Amino acid sequence: MCELAAWLARIHADKNHSLLEIGAGTGAQAARLSRHFSTVAAVDLAASPYAKAREFPVQDYDGQRLPFADASFDVIYTSHVLEHVADFAALSDEMRRVLKPGGIAVHVLPTPAWRIASCFTHYLALPKILLSRAAPQTGATAPGAGKSLTANLLSLLFAARHGENGNRFTEAFYYRSAWWRRRFIDAGWQVTDEFPLGLFYTGYMIFGTRLGVALRGRLANILGSSSYCFVMRNAGALPQR
């Protein structure tokens with residue numbers, strides 16, 4: 001929640017504004033955001049692994065059309081979501097459609113530092129990964145089932161691709177801020193601010209809460225922030241699709 005507090009302070013949130021979180025997971029952040037905005041809506045895919053652990057009214061949506069009227073929200077927010085979206089242009093159009101004139105979009109994204117560090121901590125997480133494969137949960141499909149021996153070996157030797165761009169070896173390139181900035185601009189957004197969120201962590205959270213926020217901040221100064229934030233406005237008319 002420290003990252004959430006950082007961008008809220010940066011944009012000077014207006015309590016009279018409405019916010020939509022896309023890819024809300026359990027709704028934990030949406031619940032926190034409801035303290036800062038008059039109305040908070042949250043959506044996620046019905047197939048989300050967090051669907052059974054929701055702590056806020058998260059609406060299911062089909063991943064195609066957001067279930068809201070045009071110009072419904074003052075702010076749209078995503079956190080570590082856009083890198084998982086295969087059809088970014090379509091989602092971008094939908095976000096622009098439901099955003100009010102003059103509204104803003106706030107997107108938190110992983111950095112190359114996060115991806116590279118996660119590749120290293122993959123090896124520290126291997127015992128847990130192997131254990132999960134040896135003893136999958138009741139009724140669950142065993143991780144790696146249906147994959148070739150080569151594919152399973154690769155998944156142990158090298159961290160798997162996290163998102164939808166690149167592969168396990170090139171993905172860090174697609175987490176660069178310059179790459180995302182160009183993608184946003186090409187999709188019709190005007191980027192008004194971008195900044196690192198100043199905490200270091202990896203995809204496996206090996207040390208969990210044993211590394212406090214202050215230490216993670218100091219590590220970010222040395223190793224790089226694990227996420228950064230883009231703030232943007234709609235820069236033009238929606239394309240006709």
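Structure shown above.
Residues numbered from 1 in each chain as written. Predicted model: local features only at pLDDT ≥ 70, side-chain atom pairs only at ≥ 80, totals over all residues. Heavy atoms only, no water.

Engineer: Explanation requested: the sheet that holds strand β4 (residues 73-79) in the structure shown.
Structural biologist: Adjacent strands of a sheet form backbone hydrogen bonds with each other and so pair up, either parallel or antiparallel. The sheet built from seven strands is open, its strands ordered β3-β2-β1-β4-β5-β7-β6 with mixed pairing. Each of the sheet's edge strands pairs with one partner strand only, and the pair in question is β3 (58-61) and β6 (189-196). Neighbour to neighbour, the strand axes of the sheet diverge by 20 degrees on average, direction disregarded. Relative to β4, strand β1 (residues 18-22) is paired through three bridges, and the arrangement is parallel. (Pairing = 2+ DSSP bridges. Helix = DSSP H or I, 4+ residues; strand = E, 2+ residues; numbered from the N terminus. Axes fitted to C-alpha atoms, helices over the stretch in contact; angles between N-to-C directions.)

Engineer: What's the story with the environment of Gly 166 in this structure? I'm lost.
Structural biologist: With respect to the helices, strands and loops of the structure, Gly 166 is situated in the loop between α6 (149-157) and α7 (177-186). The partly exposed category is assigned to Gly 166, whose relative accessible area is 29%. For Gly 166, the residues in contact, after removing those within four places along its chain, are Arg 161 and Tyr 174. (Buried < 20%, exposed > 50% of the residue type's maximum accessible area, 1.4 Å probe, protein only. Contact = heavy atoms within 4.5 Å.)

Engineer: What exactly am I supposed to notice about the pattern of salt bridges here?
Structural biologist: Between side chains of opposite charge, pairing is possible as soon as their charged atoms come close. This structure, assessed with the given rule, holds nine salt bridges. When the shortest N-O distance is used, the salt bridge between Asp 60 and Arg 54 registers 2.9 Å. Take Asp 60: its relative accessible area is 46%, and that puts it in the partly exposed class. Exposure remark for Arg 54: the relative accessible area of 25% places this residue in the partly exposed category. Salt-bridge contacts for Arg 181 lead to Glu 194; the nearest nitrogen and oxygen are separated by 2.6 Å. (Salt bridge = Lys/Arg side-chain N within 4 Å of Asp/Glu carboxyl O.)

Engineer: Looking at this structure, how should I read the side chain of Glu 21?
Structural biologist: The topology assignment puts Glu 21 in strand β1. Of the side chains bearing the opposite charge, Arg 54 lies closest to the buried Glu 21, which forms no salt bridge; the N-O distance is 11 Å. From its side chain, Glu 21 meets the backbone nitrogen of Ala 30 in a polar contact 3.3 Å long. Excluding residues that lie within four positions of it along the chain, Glu 21 makes contacts with Gln 29, Ala 30, Leu 33, Ala 41, Ala 42, Val 43 and Tyr 77. (Lys, Arg positive; Asp, Glu negative; His and termini not counted. Polar contact = N/O pair within 3.5 Å; in protein donor to acceptor, adjacent residues only side chain to side chain.)

Engineer: It is not clear to me how unusual backbone geometry should be interpreted in this structure. Could you clarify?
Structural biologist: Only a minority of non-glycine residues have a phi that is not negative, and only a minority of peptide bonds are not trans. Of note in the backbone geometry, His 12 takes a positive phi value of approximately 55 degrees without being a glycine. With respect to the secondary-structure elements, His 12 resides in the loop between α1 (2-11) and β1. A positive phi is found at His 80, a non-glycine position, where the angle reads about 55 degrees. Its location among the elements puts His 80 in the loop between β4 and α3 (88-98).

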